[in-house]
Amino acid sequence: MIEGEPGSFAFPNSTLCRQESFKTPYFSYWSGRLCEGLRYHRKLWEFVFICQALWERGAVVPGARGLGFGVGSEPLSAFFASQNCRILATDMDVEMAEAMGWTLTNQHAVGKEALRKPAVCPDDLFTENVSFQACDMNDVPAEFVDFDFCWSACALEHLGSIEHGLAFIERSIQCLKPGGWAIHTTEYNTSSNEETVDNLGTVLFRRRDFERLAARLTEQGHTVAPFDFNPGDGEVDRFIDLPPYREQPHLQMALSGFSTTSFGIIVQRGV
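On a predicted model such as this, the values are computed, not experimentally measured, just so you know.

What counts, and at which threshold
Residues numbered from 1 in each chain as written. Predicted model: local features only at pLDDT ≥ 70, side-chain atom pairs only at ≥ 80, totals over all residues. Heavy atoms only, no water. Helix = DSSP H or I, 4+ residues; strand = E, 2+ residues; numbered from the N terminus. Buried < 20%, exposed > 50% of the residue type's maximum accessible area, 1.4 Å probe, protein only. Contact = heavy atoms within 4.5 Å. Areas by Shrake-Rupley, 256 points an atom, 1.4 Å probe, with all protein chains shown as cover. Lys, Arg positive; Asp, Glu negative; His and termini not counted. Charge placed at Lys NZ, Arg CZ, Asp CG, Glu CD. Polar contact = N/O pair within 3.5 Å; in protein donor to acceptor, adjacent residues only side chain to side chain. Phe/Tyr/Trp six-rings, centres within 6.5 Å; stacked < 30°, edge-to-face > 60°. Lys NZ or Arg CZ within 6 Å of the ring centre and 35° of its normal. Pairing = 2+ DSSP bridges. Expected span 1.5 Å × (residues − 1).

Things to note about the overall build of the chain
Okay, so step 1: A count of helical and extended segments in the chain gives eight helices and 11 strands.
Okay, so step 2: Taken along the three principal axes of its C-alpha coordinates, the chain extends 45 × 40 × 40 Å.
Okay, so step 3: The buried share of the chain, reckoned over its 271 residues, is 55%.
Okay, so step 4: The long-range fraction of contacts in the chain, counting pairs at least 24 apart against all pairs at least 6 apart in sequence, stands at 70%.
Okay, so step 5: Working note: accessible area of the chain is about 11600 Å², and carbon and sulfur atoms make up 51% of it.
Okay, so step 6: Here the chain carries 22 positive and 36 negative side-chain charges, and the mean point of each set is 3 Å from the other.

Comments concerning the side chain of S161
Okay, so step 1: When you line up the elements, S161 lands in the loop between β5 (147-153) and α6 (162-174).
Okay, so step 2: For S161, the side chain forms a polar contact with the main-chain nitrogen of H164, separated by 3.0 Å.
Okay, so step 3: Once you skip the residues sitting within four places of it in the chain, S161 turns out to touch D198, N199 and V203.

Digging into the packing of aromatic side chains
Okay, so step 1: Enumeration according to the criterion identifies 23 aromatic pairs in this entry.
Okay, so step 2: Considering the side-chain rings of W45 and F49, the 5.0 Å spacing of their centres and the 20 degrees angle between planes classify their relative orientation as stacked. In this pair, W45 and F49 both sit in helix α2 (residues 42-56), four residues apart, roughly one turn of the helix.
Okay, so step 3: The buried category is assigned to W45, whose relative accessible area is 0%.
Okay, so step 4: Every member of this aromatic cluster is reached through a ring pair, and the members are Y29, W30, W55, F79, F80, F149 and W151.
Okay, so step 5: Taking the ring centre of W181 as reference, the NZ or CZ of R57 above it sits at 5.3 Å.

Digging into the pairing of β5
Okay, so step 1: Burial within β5 is extensive, with six of its seven residues counted as buried.
Okay, so step 2: In terms of strand pairing, strand β2 (residues 65-69) meets β5 through four bridges, oriented parallel. Along β5, the bridge assignment pairs G66 with F149.
Okay, so step 3: As defined by bridge partners, β5 adjoins strand β6 (residues 176-189) across six bridges and the pair is classed as parallel. Each residue of the ladder has a partner; that of W151, found in β6, is I183.

Describing α2
Okay, so step 1: With 15 residues, α2 should cover 21 Å at 1.5 Å per step; its first-to-last C-alpha distance of 21 Å lies within 8% of that length.
Okay, so step 2: Burial runs high along α2: 13 of the 15 residues are buried.
Okay, so step 3: Looking one or two residues past α2, G58 carries a phi angle of roughly 75 degrees, positive in sign.

Below you can see the structure in the form of structure tokens.
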């Protein structure tokens, strides 16, 4: 029995990871539901953001089809399966993952069994509701269509460039039914709206990049949840974790000379 319940309107906006979220009842609920230890870590915030954003928009219902990109070893596929959603989980193929070093850090899903989390989802429901397919996020298969929702948790910053990451978000929306929801989290540069890291293994998105994306998506007829770029003023918000990174607090981190945290973007496909 998990104490508490999801929030009703916790994430009306596309927003930054902030300390204030961790103090809410819904955050404790989702941490327990996903069998994740409650801690000040931005990766946990990303999981909570994705679950809560989809839940409060009515996307997590029996029979809904969900598409996960770059799922690694995260518990989200198992949770959605536990709600009788039909999930296609994807990650890069093994050879590419090995070349990039993801298999050494347990951040790559070799296949369906890597996503099985019995404490999150009973085995029978997981077996019935989850399938797995290798997928290059820079070349999403044309047959990925008619999903009710899709998500990725800090994967699109590893696609080679800022433009590749933005193009992936656009492509992911094409995988949805009209009215479907895309929820993505990624790295956000809290140091500068000008200088950043681009064309490397990990890129840092700026405010201007997301605003440019929103303009493109709006022109295409999609709806982007308004952006909230408030970095927060809590003690943990102001702490910048330096390498080697600690387990907590780890909301803001130093990377390639910039401070960065997680940003969550919410998009609804147009009719």
